[in-house]
Amino acid sequence: MPGPGAFLVGDEEKREVAEVMESGYLSRYGREDDSRFKRKVVTLEQRFAERIGTKYAVAVNGGTGAVMASLVALGVGPGVEVLVPGYTYVASISAVLAVGGIPVLTEIDDSLTMDPADIEPKISAKTRIIMPVHMLGNPADMERIMIIAKKRKLLVLEDCCQGLGARYKGQALGSIGRIGAFSLNINKTITSGDGGIVVTSDKKLYERAFAFHDQGHKPLRLGVEIGKRSLIGISLRMNELTAAFALGQLKKLDRILGLLKEKKKRFKERVAAAGIPGMGFRKINDLEECATLLTVLFEDKGTAARVAKALGTKTVSESGWHVYNHMEQILALSDEQGKKRYWKHMLPRTDDILARAINLSIGVVDPGLGAGFGINILASEEEIESQAELFIKTVETAVR
Ligand SMILES: Cc1ncc(COP(=O)(O)O)c(C=O)c1O
């Protein structure tokens, strides 16, 4: 099941994509002197940067590519340690490994984002980057994270793949750290099927991210530019069709966020009004979150497991995505001495929180997230009411 943007695909996307098809220019590079060339990728980069409030953006082929390009821009290479929360999509971790870095997993707190209290204990002489992930649309505790980063002279890369449109203390996610990475895959707030975007206000980082995404070239090149390439890049380019679709979706971002917030508010208020003992909600670090999910937190794991089963869904700890305990490809890794770097249950506070948590869908309907029960972005008042009532009744029965 897709994310909120995919529910609202319509004429805007069709028009944008048709313009590209009529132009005949499919690549981000076209003849600048030909008025038929619509420059959709460059336009998307400009609009996205404006939206986030950064000077620059680089459109890439996906969120994983956006995280990789951001890491390379920040100088991550072999042996450099990057702090990443243990509750995140595997891409945050695999992107670090793919550029030669070493992911170091931190605990989460009851916002389900990186626990600032676990950052300093995980810092070593090799640590250079903190990568908070704005999980399920909830901003990480950026205030505390930025204070620690400044004190310990570390750089912050925001993994915003799940946080497009959210703000923290008035600032758009992606504009708080040195660089930010977004995804436009099918589960995200807005989508172009696949796609990603790097944002930064630092010209050097922009040029490095751009170079990594396009074989070492300088931004907006007009040809091969021999002699100007300063780093080894790969190809992560976005094409004109994808950018056109994304431009159509970007126009709907505020509408999507408005719908999510309104529906989440109704659903949450209804559930909260029932005053279920032993159940609360995850901590939301800023009310300007994306509102893609409503996460309930039980005091007790057994109750959470019973409720999840009765709802036909799973606790977050048992869900498929995002839980480090389920990432066998990461758990298999060892260091140079053959010592395991990661193992099951290495983050006991994270395990405890996730075993007490159930994600209820608001805009992202995905059993892989544990969000197999809830509503969607198009849910009517009656549907919200009936799902909230069903949830409350199910919990009351399970608690008894
Ligand atoms: C937190 C996080 N980081 C990175 C990614 C990778 O994005 P993509 O699937 O576009 O490569 C995702 C996508 O699901 C994500 O949720």
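Residues numbered from 1 in each chain as written. Predicted model: local features only at pLDDT ≥ 70, side-chain atom pairs only at ≥ 80, totals over all residues. Heavy atoms only, no water.

So, the packing of helix α2 (residues 11–23) against helix α8 (residues 240–250)
Between α2 and α8, whose axes approach to 7 Å, the crossing angle comes to 155 degrees. In terms of orientation, α2 lies roughly antiparallel with respect to α8. As for the relative orientation of α2 and α8, their crossing is right-handed in sense. Of α8, the residues touching α2 (which contributes E12, E13, E16, V17, V20 and M21) are E240, L241, A244, F245, L247, G248 and Q249. A breakdown of the residues in the contact of α2 with α8 according to their chemical character gives seven nonpolar, two polar and four charged. (Axes fitted to C-alpha atoms, helices over the stretch in contact; angles between N-to-C directions. Helix = DSSP H or I, 4+ residues; strand = E, 2+ residues; numbered from the N terminus. Parallel < 35°, antiparallel > 145°, perpendicular 65-115°, else oblique. Left-handed = near helix turned anticlockwise from the far one by under 90°. Contact = heavy atoms within 4.5 Å. Nonpolar A, V, L, I, M, F, W, Y, C, P; charged D, E, K, R; others polar.)

Re the pattern of salt bridges
If you walk through the whole model with that rule in mind, you get 29 salt bridges. E336 is the salt-bridge partner of R341, the closest N and O atoms lying 3.6 Å from each other. One salt-bridge network, in which partners are shared between bridges, spans E16, E19, K40 and K251. (Salt bridge = Lys/Arg side-chain N within 4 Å of Asp/Glu carboxyl O.)

Observations concerning the packing of aromatic side chains
Under the counting rule described, the total for this entry stands at six aromatic pairs. Centre to centre, the rings of F48 and F182 are 5.1 Å apart; their planes meet at 75 degrees, and the pair counts as edge-to-face. In this pair, F48 sits in helix α3 (residues 40–52) while F182 sits in strand β8 (residues 179–183), placing the two residues 134 residues apart along the sequence. Residue F48 shares its accessibility class with F182, and that shared class is buried. Summarising the aromatic geometry, the rings of Y206 and F210 are spaced 6.4 Å apart at their centres and angled 70 degrees between planes, so their arrangement reads as edge-to-face. On the criterion of helical spacing, the pair formed by Y206 and F210 is a turn pair, its members being four residues apart in helix α7 (residues 203–213). For F210, a relative accessible area of 0% gives the class buried. Among the aromatic residues, ring-to-ring pairing joins Y56, Y206 and F210 into one connected group. Positioned above the aromatic ring of F281, the side-chain terminus of K268 is 4.9 Å from the ring centre. (Phe/Tyr/Trp six-rings, centres within 6.5 Å; stacked < 30°, edge-to-face > 60°. Buried < 20%, exposed > 50% of the residue type's maximum accessible area, 1.4 Å probe, protein only. Lys NZ or Arg CZ within 6 Å of the ring centre and 35° of its normal.)

Here's the deal with helix α9 (residues 253–273)
An α-helix turns once every 3.6 residues. As a result, residues three or four positions apart point the same way. Between its first and last C-alpha atoms α9 spans 30 Å; for 21 residues at 1.5 Å apiece the expected length is 30 Å, and the two agree. At the C-terminal side of α9, G275 shows a positive phi close to 55 degrees. (Expected span 1.5 Å × (residues − 1).)

Describing the site of the ligand
What surrounds the ligand is a group of 14 residues, the closest being G63, T64, D159, S183 and K188. Between the ligand and T64 there is a distance of 2.5 Å, counted from an oxygen atom to a side-chain nitrogen or oxygen. Take K188: an N or O atom from its side chain is 2.6 Å from an oxygen atom of the ligand. Contact with the protein chains hides 92% of the accessible area of the ligand, taken as 390 Å² for the molecule alone. Counting residues per element, the ones that place at least two in the shell around the ligand are α4 (63–73) and α5 (90–98). Residue composition of the shell around the ligand, by class: four nonpolar, eight polar and two charged. (Near = heavy atom within 4 Å. Polar contact = N/O pair within 3.5 Å; in protein donor to acceptor, adjacent residues only side chain to side chain. Areas by Shrake-Rupley, 256 points an atom, 1.4 Å probe, with all protein chains shown as cover.)

Looking at the sheet that holds strand β11 (residues 293–298)
One open sheet holds the four strands; their spatial order is β10-β11-β12-β13, and the pairing between them is mixed. The outermost strands of the open sheet, each flanked by one partner alone, are β10 (279–281) and β13 (373–374). Summarising the sheet, strand β12 (residues 357–361) and β13 pair through two bridges and their orientation is parallel. Looking at the pairing, S361 lines up with G374 of β13. (Pairing = 2+ DSSP bridges.)

Topic: a nonpolar patch on the surface
Among the surface-exposed residues, M21, L26 and L241 lie close enough to one another that they form a single nonpolar patch of about 290 Å² accessible area. With respect to the secondary-structure elements, L26 resides in the loop between α2 and α3. On the accessibility criterion, L26 (48% relative accessible area) is partly exposed. (Patch = residues over 30% accessible without salt bridge, like charges linked within 9 Å, V, L, I, M, F, W, Y side chains within 5 Å.)

A word on the nonpolar core
For soluble globular proteins, the rule of thumb is that nonpolar side chains tend to be buried together. With 68 residues, the main nonpolar core has L44, L360 and F391 as its most contacted residues. Excluding residues within four positions of it along the chain, F391 makes contact with V271, M279, V296, V307, L311, L360 and F373. The next biggest cluster of nonpolar side chains, apart from the first, holds 43 residues, and it includes Y56, L71, L205 and Y206. (Core = buried A, V, L, I, M, F, W, Y, C linked by side-chain atoms within 4.5 Å.)

So, the sheet that holds β8
Spatially, seven strands are ordered β1-β9-β8-β5-β4-β2-β3 in an open sheet, and the strand pairing comes out mixed. A single partner strand is all that each edge strand has here, and the edge strands are β1 (56–60) and β3 (102–106). Strand-to-strand twist of the sheet, defined as the mean angle between neighbouring strand axes without regard to direction, takes the value 25 degrees. Bridge analysis of strand β2 (residues 81–85) against β3 gives five bridges, and the strand direction is parallel. Of the residues in β3, the one forming a bridge with E81 is I102. The sheet strands contacting α3 are β1, β8 and β9 (196–200), and the helix crosses β1 at an angle near 130 degrees.

All we've got here are geometric facts, nothing functional implied.
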